[in-house]
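Residue-level listing of the chains:
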Amino acid sequence: MTTTARLRTPYTARTTAAEILAGVDLTGRRMIVTGGASGIGAAAVRALAGAGAEVTVATRDPARADALVAEFAGPGSVRAAALDLADLASVDAFVAAWDGPLHALVANAGIMAIPTRQLTPQGWELQLGTNYLGHFALARGLHGNLGAAGSARVVVVSSGAHLREAFDFADPQFERQPYDPWSAYGRSKTADVLLATGIARRWAADGITANALNPGYINTNLQRHLDDDALRAFGVLDEAGNRIDLPYYKTPAQGAATTVLLAASPLVEGVTGRYFDDNQEAEVVAGGPEATGGVAAHAVDPAAADRLWTYAERALIAR
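Report follows, based on the coordinates. No experiment lies behind these values; they were computed from the predicted model shown.

1. Some words on the packing of aromatic side chains
Within the structure shown, the criterion is met by nine aromatic pairs. Residues Trp124 and Tyr311 carry aromatic rings whose centres are separated by 5.4 Å and whose planes lie at 40° to one another, so their mutual orientation is tilted. In this pair, Trp124 sits in the loop between strand E4 (104–107) and helix H5 (126–141) while Tyr311 sits in helix H11 (residues 302–318), placing the two residues 187 residues apart along the sequence. Residue Trp124 is classed as buried on the basis of its relative accessible area of 6%. Three or more aromatic residues joined by ring pairs make a cluster, and in this case those are Tyr132, Phe136, Trp203 and Trp309.

Dropping the structure here:
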């Protein structure tokens, strides 16, 4: 990550994705949004396509994007394609099917707090394999397409959960220590920030920028693995089983704003290797259990980014 002055924008935490792109023409730009069939992914797709981009929704079940695809015709189009990030064979098939330049890859899909330790077909802990390794393989496979665009962006959706968990190189798959769903999630989100750091360090000469972000708190399908007791403990479920939007929660359109800022706004043209929160570049902080904002130093450490990159490359070779 850079050590230059933090970038500030005129937007706030309540700015919507469409407001970010007001007056921006994305005609001719081709973009991929993983997990773009619902939640903040779908909100990002709508804003990008609404500004004229050709957007591919990469999702495990393309039929879930049918309604979204039907919303758009003419300038700015939306299509859906199958992608299961937990299965590297699916990632390979998606990459092989992609033809031509790619102007933005939005690594948005993710899973959270899987209650029991599960593994991908390649033997990775499921959250790390889905949230990080699948996106690593996808970005690496599309490297040439991103480079062919001349000026391309990679956007990695992380989480404030990364603040509490540095990446554990000694036991990344929870093979020796007891599995904890929140630790696993936090580590996978740290890995996501390190992915953006690694791309920024390696691909700048190819005209490719990479940045990570925290979308904030939004009620979406990401919480589907949490039981009712957990949701009540977070204060987002009442006794009748109804979801509650707390005052600091965002709508999906607001939650997608920082994603869209990094994917398409002229304000961040050429900006790379940074982490954003509420449409502003975040401050680097120490991290740990008491941290409440910013980006943890352990997530933007160049040495850790290089080490994780090598670890992931070896995993791809060994499969």
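Moving on from the coordinates now.
2. Some details on the sheet that holds strand E8 (residues 280–281)
Taken in spatial order, the eight strands of this open sheet run E3-E2-E1-E4-E5-E6-E7-E8, and their pairing is mixed. A single partner strand is all that each edge strand has here, and the edge strands are strand E3 (77–82) and E8. Across six bridges, the pairing between strand E2 (residues 54–59) and E3 is parallel. Residue pairing across strands places Thr56 opposite Arg79, the latter belonging to E3. Set on the sheet, helix H7 (residues 181–202) makes contact with strand E5 (152–157), strand E6 (208–214) and strand E7 (274–277); between it and E6 the angle comes to about 160°. Helix-sheet contacts for helix H10 (residues 257–264) involve strand E1 (30–34), E4, E5, E6 and E7, and the interaxial angle to E5 is about 160°.

What counts, and at which threshold
Residues numbered from 1 in each chain as written. Predicted model: local features only at pLDDT ≥ 70, side-chain atom pairs only at ≥ 80, totals over all residues. Heavy atoms only, no water. Phe/Tyr/Trp six-rings, centres within 6.5 Å; stacked < 30°, edge-to-face > 60°. Helix = DSSP H or I, 4+ residues; strand = E, 2+ residues; numbered from the N terminus. Buried < 20%, exposed > 50% of the residue type's maximum accessible area, 1.4 Å probe, protein only. Pairing = 2+ DSSP bridges. Contact = heavy atoms within 4.5 Å. Axes fitted to C-alpha atoms, helices over the stretch in contact; angles between N-to-C directions.

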